[in-house]
Each structure stands twice: as C-alpha cells, then as structure tokens.
Amino acid sequence: MSAPTLRTDRLVLRGWRDADREPYAAMNADPRVMQHFPGTMTRAESDAHADRIGEHFAEHGYGLWAVEVPGEVDFIGFVGLSVPRFESHFTPAVEVGWRLAAEWWRRGYATEAAREAVRFGFEDAGLTEIVSFTAPANEPSRAVMRRIGMTHDPADDFDHPALPPGHRLRRHVLYRLRRE
Ligand SMILES: CC(C)(COP(=O)(O)OP(=O)(O)OC[C@H]1O[C@@H](n2cnc3c(N)ncnc32)[C@H](O)[C@@H]1OP(=O)(O)O)[C@@H](O)C(=O)NCCC(=O)NCCS
C-alpha cells in the first residue's frame, strides 16, 4: 500500500521520495531537533528510519507522512501516525507524532498537519483512539498535543522500555484522544 496524499490549507502530507532523505538527515543531525531524543542521527541511521517509515505505510496504509509546503519547500519534516514497536501499559496503540526542521517551527505547521493526520486516523483508518507521548520537558510537543485536543492523565505516565533506568529521557507523559 502506498501512502495516501492528504492536504490542508497550507500543507501537503505525502509519501516519501528519495530526495527527502538528504534534508531528513540534516534535521536528524541537528541537536535542536533531537534535544528530547537520546542523540542526533548519522546519515545511515536517518536513512534506516526513512526505510522503516516506508515499510510502515506498506503495512498499515498510514504512517509518518513527509510534509511539504507547496510552492515554498518540498520537505520540512514528518507528521503522522505510527504503531509503537515497544510494549507498555497502553499498547498496542497508534501514536500521532511530528518532527520538523527547526527553521519551520513556530508557524503552526505541526498542529495543522497533526489535525489532518488524526482526522485520517479516525475517519479513514477507523481508529477509535490515538495516543502521543514524549519526555515531560518537551513542552513544544506537549503544546501540539493540547492544541489538537489530547488530554493527559498523570496516571498514564510511563518509563520508556527502550531506555535504561536513570536515563534522562526515560520518563514519558502519555496523551490520549478518542474518536468522538
Ligand atoms: C514539536 C514541534 C514539531 C513543535 O513545533 P511548533 O512549531 O512549536 O508547533 P506548531 O507547528 O504547531 O506551531 C505552533 C506555534 O506557531 C505559532 N504560529 C505562528 N503562525 C501560526 C499560524 N499561522 N497558525 C498557527 N500557529 C502559528 C503558534 O503561536 C505557536 O507558537 P507558540 O509556541 O509560541 O505558541 C517542534 O518543536 C519539533 O519538531 N521538535 C523536535 C522534534 C520533536 O521533539 N518531536 C516530538 C517528539 S515527541
């Protein structure tokens, strides 16, 4: 299954192209973008992640769409839906997530794209609940979650199983959104 193309007022959410890999690697090498992740990525790690995104679309029919600003720039990052590969108290689940190159922050693009990804998840993919999670200190990401109507119950907070005890990013907050 290839990625469906979605449109918002200002953005196109589309399947990935080979040409996206270079700007994707550049943003994954940017410490500002990766501040709330264990570290920046090498080109090989970034390409491997892009490969997994493509496989996810093939498997599920949705995924982390490449985001384009038509007439302005072909690739600013990803926004979309993803099935977490780890197990926790809230899995299996579908997550909405976002990662944009820093020069495209503070324009409302993440929120605009996330609303469309969530709409697709509920209306087209038939999901009944979508979650999102991040390190507590990632306030910009939590603000996107709040803006799209997600709610946070501290009782849902969890330790990310991929990170060892004591790691600065191990604790995570979980936000949920149910189909109305
Ligand atoms: C998380 C991330 C996508 C959030 O980006 P963001 O630019 O803060 O979020 P949005 O695109 O929704 O933009 C919202 C901001 O744009 C402003 N804005 C400007 N023009 C706007 C417009 N026309 N419409 C809406 N908002 C607009 C809003 O006021 C808001 O600013 P504020 O934070 O000062 O209130 C970004 O910080 C990022 O990529 N971080 C690195 C990766 C990461 O941590 N991902 C999440 C992992 S869980």
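Keep in mind it's a predicted model, so treat the numbers as computed, not measured. (Residues numbered from 1 in each chain as written. Predicted model: local features only at pLDDT ≥ 70, side-chain atom pairs only at ≥ 80, totals over all residues. Heavy atoms only, no water.)

## Regarding the site of the ligand
- Residues in contact with the ligand amount to 20 residues; listed here are only the nearest, W98, R106, A110, T111 and N138.
- In this structure, L100 approaches the ligand through a main-chain N or O atom, which is 2.9 Å from an oxygen atom.
- In the complex, 70% of the free accessible area of the ligand, which totals 960 Å², lies under the protein chains.
- Looking at the shell around the ligand, the elements that each hand over two or more residues are β5 (95-100), α3 (109-124), β6 (129-134) and α4 (139-147).
- With four residues, α4 is the largest single contributor of residues to the shell around the ligand.
- Class assignment of the residues belonging to the shell around the ligand gives a composition of 10 nonpolar, five polar and five charged. (Near = heavy atom within 4 Å. Polar contact = N/O pair within 3.5 Å; in protein donor to acceptor, adjacent residues only side chain to side chain. Areas by Shrake-Rupley, 256 points an atom, 1.4 Å probe, with all protein chains shown as cover. Helix = DSSP H or I, 4+ residues; strand = E, 2+ residues; numbered from the N terminus. Nonpolar A, V, L, I, M, F, W, Y, C, P; charged D, E, K, R; others polar.)

## Overview of the packing of helix α1 (residues 21-28) against helix α2 (residues 43-60)
- Their axes nearest at 9 Å, the elements α1 and α2 cross at an angle of 120°. When the axis of α1 is compared with that of α2, the two are oblique. Crossing of α1 over α2 shows right-handed handedness. Of the residues in α2, those touching α1 at R21, E22, Y24, A25 and N28 are R43, S46, D47, H49, A50, D51 and I53.
- Of the residues contributing to the contact of α1 with α2, the split by class is four nonpolar, three polar and five charged. (Axes fitted to C-alpha atoms, helices over the stretch in contact; angles between N-to-C directions. Parallel < 35°, antiparallel > 145°, perpendicular 65-115°, else oblique. Left-handed = near helix turned anticlockwise from the far one by under 90°. Contact = heavy atoms within 4.5 Å.)

## Description of unusual backbone geometry
- A cis amide bond links T91 to the next residue, P92, at an omega of 0°.
- With respect to the helices and strands, P92 occurs in the loop between β4 (73-82) and β5.
- For R106, which is not glycine, the phi torsion reads 65° and is therefore positive.
- Locating R106 in the fold gives a position in the loop between β5 and α3.
- Look at R106 and you get exposed, because its relative accessible area is 84%. (Buried < 20%, exposed > 50% of the residue type's maximum accessible area, 1.4 Å probe, protein only.)

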